[in-house]
Amino acid sequence: MFKTLNGLKEMRESLAGVQATGSAGDNRVQVEVSGLGVVTRLTLSPDLVAENDSALLEELIPQALNEALTKVRQMHIDKVREATAGIELPGLEEALTSL
């Protein structure tokens, strides 16, 4: 599958250098996540903060985060497919979804 451990290292470095963005509430909440799944930025619109509605924030932040993480998981799937020359690996998507 991977010719060397360097291939895995290169894939990890490649994922570390990309970002995925998720949003919710008409872009009033935006979350950026690195390709390694690390949250790098959370942006709340000033009008949303001014509403002082913690329940709404508690709803929107996870929605935006989950959207970004879904994109990251797809990046992982794409990178593995690229590394395996497009060979379908049974259970790959399910395994990455459970991360």
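Right above here is the structure, for reference.
Worth saying up front: this structure is predicted, and the values here are computed from it rather than measured.

(A) Examining the pattern of salt bridges more closely. Applying the stated criterion across every chain yields a total of four salt bridges. Among the ionic pairs, E32 bridges to R41, the shortest N-O distance being 4.0 Å. According to the relative accessible area criterion, E32 is partly exposed, its value standing at 24%. Note that E67 is salt-bridged to K71, the shortest N-O span being 3.6 Å. Here the residue E67 and the residue K71 both occupy positions in helix α3 (residues 54-83), the gap between them amounting to four residues, near one helical turn. With relative accessibility at 38%, the residue K71 sits in the partly exposed group. Through salt bridges with shared partners, one network takes in R28, D47 and E51.

(B) Looking closely at the nonpolar core. Among the nonpolar cores identified, the biggest contains 10 residues, and these are A20, A24, V29, V31, V33, L48, L60, A64, A68 and V72. Contributions of two or more residues to this core are made by β1 (19-24), β2 (29-34) and α3. Ranked by residues supplied to this core, first place goes to α3 with four residues. Aside from chain neighbours lying at most four places away, what touches A24 is V29, L60, Q63 and A64.

(C) Here's a closer look at the sheet that holds β1. Pairing within the open sheet is antiparallel, and its three strands lie in the order β1-β2-β3. Two strands lie at the open edges of the sheet, namely β1 and β3 (39-44), each paired on one side alone. On average, each strand axis in the sheet is inclined to that of its neighbour by 15 degrees, with strand direction left out of account. Sheet topology places β1 next to β2; six bridges connect them, and they run antiparallel. Bridging from a neighbouring strand, A20 pairs with V33 of β2. Across the sheet, α3 lies against β1, β2 and β3, angled at about 150 degrees from β1, the strand it touches most.

(D) The arrangement of α3 in detail. An ideal rise of 1.5 Å per residue puts 44 Å on 30 residues; α3 measures up with 43 Å between its terminal C-alpha atoms. Among all positions in α3, only L60, A64, A68, V72, H76, I77 and V80 are buried. Capping the start of α3 is the job of one residue whose side-chain oxygen sits 3.3 Å from the backbone nitrogen of A55: D53. Of the residues trailing α3, A85 is marked for its positive phi of about 60 degrees.

(E) Spotlight on the pairing of β1. Here β1 shows a buried face lined by A20, G22 and A24 and an unburied face lined by Q19, T21 and S23. Hairpin connection, β1 to β2: the antiparallel pair is bridged by four residues, and G25 has positive phi, about 65 degrees.

(F) Up close: the environment of M75. Relative to the elements of secondary structure, M75 occurs in helix α3. Excluding its chain neighbours within four sequence positions, the residues that come into contact with M75 are L15, V18, Q19, A20 and G35.

The rules behind each value
- Residues numbered from 1 in each chain as written.
- Predicted model: local features only at pLDDT ≥ 70, side-chain atom pairs only at ≥ 80, totals over all residues.
- Heavy atoms only, no water.
- Salt bridge = Lys/Arg side-chain N within 4 Å of Asp/Glu carboxyl O.
- Buried < 20%, exposed > 50% of the residue type's maximum accessible area, 1.4 Å probe, protein only.
- Helix = DSSP H or I, 4+ residues; strand = E, 2+ residues; numbered from the N terminus.
- Core = buried A, V, L, I, M, F, W, Y, C linked by side-chain atoms within 4.5 Å.
- Contact = heavy atoms within 4.5 Å.
- Pairing = 2+ DSSP bridges.
- Axes fitted to C-alpha atoms, helices over the stretch in contact; angles between N-to-C directions.
- Expected span 1.5 Å × (residues − 1).
- Polar contact = N/O pair within 3.5 Å; in protein donor to acceptor, adjacent residues only side chain to side chain.

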